[in-house]
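So you can see what is in the structure, the chains are spelled out below.
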Amino acid sequence: MVHGEAWTVKELFVYPNEYIYWTIQIVMYPLMTGLVAGAFVLSSLYHVFGVKQLKDIARFSLVFSFALLPAAMLPLLMHLQQPRRGIEIMLTPHFTSAIAAFGIVFTTYSIIVGSELWFVYRRYFVETVQSLRNKNGRTFGEIFRCFFYTILTLGAWDISREAVEKDERAVKILAGIGIPVACFLHGYAGFIFGSVKANALWMTPLMPVIFICSAVVSGIALCIVTYIATMEMRKLITVWKHRQDPSLPTTEALKSAEIQVVTMTVRYLIMFMILAISLELLDLIFRGYTAVKSWDILRSVIYGRDFFKIFILQYGFGNLVPFILLLLPRPTIRKVVAGTLLVLVGVFMMRWNVVIGGQAFSASFAGFMEYRLPIWPHSFETYKEGLLGALTVGIVPFILFWIMSRILPIFLPEERH
Amino acid sequence: MINRRGFCKKALLIAGGFAIPVSALELFDPKKLLADKNDREKVRWGFLVDTYKCVGCGFCVKACKMENEVPYDASVTRTWVERYVLTSDGVTHIDSPRGARDGFTDRNISLGSEGMKEIKDEDIAKAFFVPKLCNQCDNPPCVQVCPVGATYQTADGVVLVDRTWCIGCGYCIMACPYGVRFFHPVFHVAEKCNFCYHRITKGMNSACVEACPFGARKIGNLRDPLDPVTRIIMTERVEVLKEEYGTKPQLFYLGLSKEVK
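Residues numbered from 1 in each chain as written. Chains lettered and ligands numbered in written order. Predicted model: local features only at pLDDT ≥ 70, side-chain atom pairs only at ≥ 80, totals over all residues.

Notes on the overall build of chain A
Right, so step 1: Along the backbone of chain A there are 13 helices and two strands.
Right, so step 2: A compact globule built from 417 residues would reach a C-alpha radius of gyration of about 22 Å, and chain A, at 23 Å, matches this within 12%.
Right, so step 3: Overall, chain A is about 75 × 55 × 40 Å in size when its C-alpha atoms are taken along their principal axes.
Right, so step 4: Going through the 417 residues of chain A one by one, you find that 44% of them count as buried.
Right, so step 5: Looking at chain A alone, contacts between residues at least 24 apart form 76% of all its contacts between residues at least 6 apart. (Helix = DSSP H or I, 4+ residues; strand = E, 2+ residues; numbered from the N terminus. Rg over C-alpha atoms; globule rule 2.2 N^0.38 Å. Buried ≥ 20, exposed ≤ 12 C-beta atoms within 10 Å, placed from the backbone. Contact = placed C-beta atoms within 7 Å.)

Right under this line is the structure:
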């Protein structure tokens, strides 16, 4: 069977070689890079612009951004027909291609986030090693931890006040450089689509900007949800620990800190949401107003076939409902969780409507294609390009985040409330 | 110890020093030098389709599949034939069942998943066939977007794919406005018509040209003014497909109609 035949349904006149070649993995790719970029921008709000209220979530989202990085590469790899040759993008980049920038941008970005993390956690590494060294009768696990953290310090043992201040300055600079690079990382993902002149839906110079805005929206939303989830878990643990050691912070203290951080972050979320929606609507209105040759088929896709996906799921449930939920007076954790989850659904649907929607019509403008998402895989291909493949990509960052949070604690002891 | 002023001075000096040899690269563009020294390439392959002569038999599609190792029963093809039927109510019906590999054996028009549509003879205003293949564009978007340079344009204008280097990302398939590219079902890399490059470079005709019983397909050297294909393109009224994309196609048509997509 030809690649794409398993999930493509053709209607009216479609060129014989046309299939839905870019499937759910390519929906996941901008979603994941968007989350990476968004999480980083959120952490930079504290590091660069000194938004003090975001201090707690800043370190959290930085670690999360790093955990999301490998997951952003995964969907690309899974979608390649020759995944073992994927490294060629780095080895023989062909610079007229937007994808060729991937290697450079991705590596630069990884280095920036990695080194920023190192500066943030250097003091913790040194302190951990010192406390472990001073301990008598270390277990095997502790010896290993000591060795591991010794490597992570990279031989920089100075944690005097000046040295730590220098670290903070380095973090600020790195976060400053990181913002444009994060935007570039995602803007170029938008450029990959926006520059395809053969695709009437994708081709618009607004695409990179729309992608950046929705990236920040999704990144902040996911950070809020995950932050709330970890705080809830922390609360449960504190209740349990509080019984043994009453000197530890109470749940009440944690709760008030949580809602404060969350409402502050939600404000930024709404700002970026307004920007993203305005740009998307501008694009839609402009297309309808100029009504070039492709508008006839685009209109029948946007207002006909994909109406439910675009106007109900994306704009309705993904934008309007969370907008109301988040703007309602007296925000509660429950409302915020519901709102941000819907925002994530909205951003996912936006990616879907761009990637799959862009292939919903033939380049002949005389026929349509429908993507039938493979639910239960009956071959490796239908696994990769189906629901389970997408779920795999969706779960990986959380596993990575969990592993990383074992090494880099998200809540440092001296900052506990 | 170097002071700030000294550093700035030296940095400017180094930058300036580097600029001279780098600008020489622009002054002596190797490609340009080569072009100035020799004449332009002696060969530029072009293709001519005379739609008046096409009857939709599908021999070209069959021959192409056999010649170029595209599995016979796979639903992809390097070349295909489209049937256009315009009814008197102004509606255009288009189909190309199996790429017209077996010709058009059914009078009904295929609507894909919607089944077949019957059109009465008396309703038909006009009907014709249009063979399609790669346009071997002068400004090929597929070559532009390939992230690893696995697809490239030869000096004589044909766009080829390196099967050992293609990573199978599908960006070239997305970038082609003509839908000529697909994933090869056996090699799992991008695949397309290459004018039978292995044949034309040895002085033979492409398989489809060879197979066409009516002479609807012709291949020629556009740089040779005496070539019959070039003569027709120079002297008669020819059309290309989707000029608005700026791809500069080198596949020319005689008798193209505005309905052709």
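Having seen it, we continue.
Observations regarding the overall build of chain B
Right, so step 1: Looking only at helices and strands, one finds eight helices and twelve strands in chain B.
Right, so step 2: For 261 residues, the compact-globule formula gives about 18 Å, and the C-alpha radius of gyration of chain B, at 24 Å, lies well above that figure.
Right, so step 3: Along the first, second and third principal axes, the C-alpha atoms of chain B reach 95 × 45 × 40 Å.
Right, so step 4: Burial status across chain B gives 40% buried among its 261 residues.
Right, so step 5: The long-range fraction of contacts in chain B, counting pairs at least 24 apart against all pairs at least 6 apart in sequence, stands at 63%.

Observations concerning the interface of chain B and chain A
Right, so step 1: Contact residues are listed per partner, giving 42 residues for chain B and 39 residues for chain A.
Right, so step 2: Elements supplying a minimum of two residues to the side of chain B that touches chain A: strand E3 (92-95), helix H4 (141-145), helix H5 (171-175) and strand E9 (182-183) of chain B.
Right, so step 3: The dominant element in the side of chain B that touches chain A, judged by the number of residues it contributes, is H5(B), at four residues.

Here's the deal with the sheet that holds strand E1 (residues 45-50) of chain B
All names here are of chain B.
Right, so step 1: Reading across the sheet, the three strands line up as E11-E1-E12 and stay open at both edges, with mixed pairing between neighbours. Sheet topology places strand E11 (217-221) and strand E12 (251-254) at the edges, where each strand pairs with a single neighbour. For this sheet, the mean inter-axis angle between neighbouring strands, taken without regard to orientation, is 25°.
Right, so step 2: Here E1 runs beside E12; their pairing, made up of four bridges, is parallel. Looking at E12, one finds that Val49 is bridged to Tyr253. (Pairing = 2+ DSSP bridges. Axes fitted to C-alpha atoms, helices over the stretch in contact; angles between N-to-C directions.)

Description of the nonpolar core
Right, so step 1: Counting 181 residues, the largest nonpolar core has A:Met32, A:Leu68, A:Val217 and A:Cys223 as its most contacted members.
Right, so step 2: The dominant element in this core, judged by the number of residues it contributes, is helix H1 (residues 24-47) of chain A, at 16 residues. (Core = buried A, V, L, I, M, F, W, Y, C linked by C-beta atoms within 7 Å.)

Quick word on the domain arrangement of chain B
Right, so step 1: Each assigned domain of chain B is listed here: domain 1 (4-30) and domain 2 (141-191).
Right, so step 2: A C-alpha centroid distance of 39 Å is found between domain 1 of chain B and domain 2 of chain B. (Domains from an automatic or database assignment.)

With respect to unusual backbone geometry
Right, so step 1: The residue A:Arg330 is not glycine, and still its phi comes out positive at about 55°.
Right, so step 2: The residue A:Arg330 is located in the loop between helix H10 (307-327) and helix H11 (333-355) in this model.
Right, so step 3: Phi is positive for B:Lys242, which is not a glycine, with a value near 45°.
Right, so step 4: Structurally, the position occupied by B:Lys242 is in the loop between helix H8 (228-235) and E12.

Here we look at the sheet that holds E3(B)
All names here are of chain B.
Right, so step 1: Read from one edge of the open sheet, three strands run E3-E2-E6, paired in antiparallel fashion. The open sheet has two edge strands with one neighbour each: E3 and strand E6 (124-132). Taken pair by pair, the neighbouring strands of this sheet meet at an average axis angle of 15°, ignoring direction.
Right, so step 2: Inspection of the sheet shows strand E2 (residues 80-87) paired to E6 by eight bridges, in the antiparallel sense. What sits directly across from Val81, in E6, is Pro131.

Quick notes on the environment of A:Thr238
Right, so step 1: Within the secondary structure, A:Thr238 is located in helix H7 (residues 207-244).
Right, so step 2: For the pair A:Thr238 and A:Ala71, spaced 167 residues apart in sequence, the C-alpha to C-alpha distance is 31 Å.

Some thoughts on the confidence of the model for chain B
Right, so step 1: Averaged over every residue, the pLDDT of chain B is 92; residues scoring 70 or more account for 94%.
Right, so step 2: As scored by the predictor, the complex reaches a pTM of 0.88 and an ipTM of 0.88. (pLDDT = per-residue confidence, 0-100.)

Notes on the packing of H1(A) against helix H2 (residues 55-79) of chain A
Axes are the key here: two packed helices are described by the angle between their axes and the distance separating the axes.
Residue and element names in this part refer to chain A.
Right, so step 1: Closest axis-to-axis distance for the H1/H2 pair is 7 Å, and the angle between their directions is 160°. Judged by the inter-axis angle, H1 sits roughly antiparallel to H2. The two elements H1 and H2 cross, and the hand of that crossing is left-handed. (Parallel < 35°, antiparallel > 145°, perpendicular 65-115°, else oblique. Left-handed = near helix turned anticlockwise from the far one by under 90°.)

Thoughts on the pairing of E1(B)
Residues and elements named next belong to chain B.
Right, so step 1: Burial analysis of E1 places six of its six residues in the buried class, which makes it a mostly covered element.
Right, so step 2: Direction of pairing for E1 relative to E11: antiparallel, over a ladder of five bridges. Within the sheet, the bridge partner assigned to Trp45 lies in E11 and is Asn221.

A look at the packing of H1(A) against helix H6 (residues 161-194) of chain A
All names here are of chain A.
Right, so step 1: Running from amino to carboxyl end, H1 crosses H6 at an angle of 155°, the nearest separation of the two axes being 9 Å. The orientation of H1 relative to H6 falls into the category roughly antiparallel. In this structure, the crossing between H1 and H6 has a hand that is left-handed. Residues Pro30, Thr33, Gly34, Ala37, Phe40, Val41, Ser43, Ser44 and His47 of H1 lie in contact with H6, whose contacting residues are Val171, Lys172, Ala175, Gly178, Ile179, Ala182, Cys183, Leu185, His186 and Ala189.
Right, so step 2: Across the contact of H1 with H6, the residue classes break down as eleven nonpolar, seven polar and one charged. (Nonpolar A, V, L, I, M, F, W, Y, C, P; charged D, E, K, R; others polar.)

Let's talk about the environment of B:Val55
Residue and element names in this part refer to chain B.
Right, so step 1: By the element assignment, Val55 lies in the loop between E1 and helix H3 (59-67).
Right, so step 2: You can call Val55 partly exposed: it has 15 C-beta atoms within 10 Å.
Right, so step 3: Dropping the residues within four chain positions of it, Val55 is found in contact with Phe129 and Phe214.

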